[in-house]
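Inside the fold
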Amino acid sequence: MASLGIEAEQEPLLGDRTAGSREWDIIETEEHYKSRWISIRILYLTMFLSSVGNVAVIRSYIAGATSLQERTSSMANTSACQALGFILGPVFQTCFALIGEKGVTWDTIKLQINMYTAPVLLGAFLGVLNIILILILLREHRVDDSGRQCKNVNFEEASTDEVQVPQGNIDQVAVVATNVLFFVVLFIFALFETIVTPLTMDMYAWTREQAVLYDGIILAALGVEAVIIFMGIKLLSKKIGERAILLGGFIVVWVGFFILLPWGNQFPKIQWEDLHNNSIPNTTFGEIIITLWKSPREDHSEGPTGCPVEQAWCFYTPMIHLAQFLTSAVLIGIGYPSCNVMSYTLYSKILGPKPQGVYMGWLTASGSAARILGPVFISQLYTSLGPRWAFSLVCGIVVLAILLLVVVYKRLVAFSVRHGRIQE
């Protein structure tokens, strides 16, 4: 975990005192530098172990504890740790299945450790360990956009005088636009995660078990791909900048969903069995009740496969080929992590050296709203109108996001750059 931030941690940020300054006149010592990066690495660990409820706070802290030069790398490391946690969590849970349902029992405290309780106990232990590390090692650190140390509660020589607030207003247009872009990023990935299982069951006549297994493998592979992208972004951003990567990410996502549009003259297999099971001609009311009572249990053991006949679009919408779907998944797996990291990295830079807790809370709320609305949106459209309309509208949403990004492109600059304090 510590190796993730090595490139950004090669040298302490040392400098000379600036005459007449009350806030930016503190040199970052070697001790302060080490303490700052230990604190940041502890938050990497926190994102790996448990990011639920901590995302806004962690992003806010890292934004205030890193310079503009360090920001992108640190944010990418944060997302990589979170993605690793999402990938390895289910893997650990699968390994615990080897313990079995019976497991072992600690008679002294009446504690049974089996495939169900072991993951919970491990999670609790890691949570306590994380809390202990935070209490012992985490310290409050602040640096400005240039990397010069700001006075804070951990700096013993700090003056009791009131610290000057950095002059200049935050570009609210850029703030709102970035929130909208972040919403779209989370929205499109949430709906993609949601639609993967019903889409593959309808198009390829997979059973529930096959869909869970194969789609799980696909999503796990996308998680590994995302970690690789997070690491590559750190190098690429230094050459072409965050805004270009964000724009490129949206374009790649658009291409991914465009490829998902149905083409050709081959149609999916129709789930005729479902029609026969539910059609009960010339039966009494009692027979209908008995049939309805039995049918869910029969379907549970071995249900029909294919595109349900209740979805009228199954009869006239061409199927999405497996190669088509996998290509789209790879492209979305490239575009999503790129857009995700760049959107909140730019957001933190736009806000500048002022405390970002409230603003980061709004960004997290925007992402949470997207995760709620995305699945509802795609489920209703897909069931009613089919993949052609659903993915066409998603492509339209991405195009609108690209147009918004183009309009505000020049405004998505760091606070200090906008006010002429440092060169971009």
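Residues numbered from 1 in each chain as written. Predicted model: local features only at pLDDT ≥ 70, side-chain atom pairs only at ≥ 80, totals over all residues. Heavy atoms only, no water.

An unreviewed UniProt entry lists the protein chain under the name Major facilitator superfamily domain-containing protein 8 isoform X2, with Leptonychotes weddellii as the source organism.

**A short note on the packing of aromatic side chains**
Geometrically, a pair of aromatic rings is defined through the distance of the ring centres and the angle of the planes. For the structure on display, the rule yields 12 aromatic pairs. Aromatic pair Y204 and W206: ring centres 5.4 Å apart, planes at 50 degrees, arrangement tilted. Owing to a relative accessible area of 15%, Y204 belongs among the buried residues under this scheme. The class for W206 is buried, based on a relative accessible area of 13%. For the pair F258 and W263, a centre-to-centre distance of 6.0 Å together with 55 degrees between the ring planes defines the contact as tilted. (Phe/Tyr/Trp six-rings, centres within 6.5 Å; stacked < 30°, edge-to-face > 60°. Buried < 20%, exposed > 50% of the residue type's maximum accessible area, 1.4 Å probe, protein only.)

**Observations regarding the nonpolar core**
One recurring pattern in soluble globular proteins is that nonpolar side chains are buried together. Grouped together as the largest cluster of nonpolar side chains are 90 residues, with contacts concentrated most on F192, L199, F250, F257, F325 and F391. Here this core gets 18 residues from one element, more than from any other, and that element is helix α5 (residues 172-204). Split by domain, the residues of this core number at least three in each of domain 1 (28-150) and domain 2 (170-272 + 305-423). In this structure L199 touches L260, I320, F325, Y382 and F391, once residues within four positions along its chain are discounted. (Core = buried A, V, L, I, M, F, W, Y, C linked by side-chain atoms within 4.5 Å. Helix = DSSP H or I, 4+ residues; strand = E, 2+ residues; numbered from the N terminus. Domains from an automatic or database assignment. Contact = heavy atoms within 4.5 Å.)

**Structural notes on the state of the cysteines**
Applying the stated criterion across every chain yields a total of one disulfide. One disulfide in the model links C307 with C314; its S-S distance is 1.8 Å. The chirality of the disulfide connecting C307 with C314 is left-handed, given an S-S dihedral of about -55 degrees. C314 matches C307 in its accessibility class, with the two residues each being buried. (Disulfide = S-S within 2.5 Å.)

**What to know about the side chain of T305**
Relative to the assigned elements, T305 resides in the loop between α9 (285-301) and β4 (307-308). At 3.2 Å, the side chain of T305 forms a polar contact with the side chain of K269. (Polar contact = N/O pair within 3.5 Å; in protein donor to acceptor, adjacent residues only side chain to side chain.)

**A few points about unusual backbone geometry**
Here A205, not a glycine, exhibits a phi torsion of approximately 55 degrees, which is positive. By the secondary structure assignment, A205 is in the loop between α5 and α6 (208-240).

**Some thoughts on the packing of α6 against helix α10 (residues 322-351)**
Contact pair α6 / α10: the axes reach a minimum separation of 9 Å and the direction vectors enclose 40 degrees. Here α6 is positioned oblique relative to α10, judged by the angle of their axes. α10 is crossed by α6, and the crossing has right-handed handedness. Judged by residue contacts, I218, L222, E225, A226, I229, F230 and I233 of α6 engage F325, L326, A329, V330, G333, I334, P337, S338, V341 and M342 from α10. Along the lines of polarity and charge, the residues of the contact of α6 with α10 split into 14 nonpolar, two polar and one charged. (Axes fitted to C-alpha atoms, helices over the stretch in contact; angles between N-to-C directions. Parallel < 35°, antiparallel > 145°, perpendicular 65-115°, else oblique. Left-handed = near helix turned anticlockwise from the far one by under 90°. Nonpolar A, V, L, I, M, F, W, Y, C, P; charged D, E, K, R; others polar.)

**Digging into α5**
Spanning 33 residues, α5 covers 47 Å between terminal C-alpha atoms, matching the ideal 48 Å at 1.5 Å per step. The largest bend along α5 reaches roughly 40 degrees and is located at I195, with the proline P198 sitting one to four residues downstream. Where α5 begins, one side-chain oxygen reaches toward the backbone nitrogen of V173, 3.2 Å away; that side chain belongs to D171. Of the residues one or two after α5, A205 is the one with positive phi, at around 55 degrees. (Expected span 1.5 Å × (residues − 1). Bend = angle between axes of the 7 residues up to and from the residue.)

**Some details on the pattern of salt bridges**
Under the defined criterion, the tally for this structure stands at three salt bridges. Its salt-bridge partner being R371, residue E193 comes within 3.4 Å of it at the nearest N-O pair. One end of the pair, E193, is in helix α5; the other, R371, is in helix α11 (residues 357-385), and 178 residues separate them in sequence. Of the residues examined, E193 reaches a relative accessible area of 31% and is grouped as partly exposed. Residues E242 and K349 are paired through a salt bridge, measuring 2.6 Å at the closest nitrogen-oxygen approach. Note that E242 is positioned in helix α7 (residues 242-259) and K349 in helix α10, a separation of 107 residues in sequence. (Salt bridge = Lys/Arg side-chain N within 4 Å of Asp/Glu carboxyl O.)

**Concerning the layout of surface pockets**
Put simply, the largest pocket is a space of about 740 Å³. Contributing to the lining of the largest pocket are 30 residues, with Q82, F86, F189, Y336 and R371 lying nearest its centre. Elements with a contribution of two residues or more to the lining of the largest pocket: α2 (55-65), α3 (68-96), α5, α6, α10 and α11. Classifying every residue of the lining of the largest pocket gives 16 nonpolar, 11 polar and three charged. Mapping the lining of the largest pocket onto the domain boundaries places at least three of its residues in each of domain 1 (28-150) and domain 2 (170-272 + 305-423). (1 Å grid on protein atoms, 1.4 Å probe; cavity = no way out; pocket = protein on both sides within 12 Å on 5 of 7 lines; lining within 4 Å. Points joined across faces, edges and corners; volume = space filled by probe spheres on them.)

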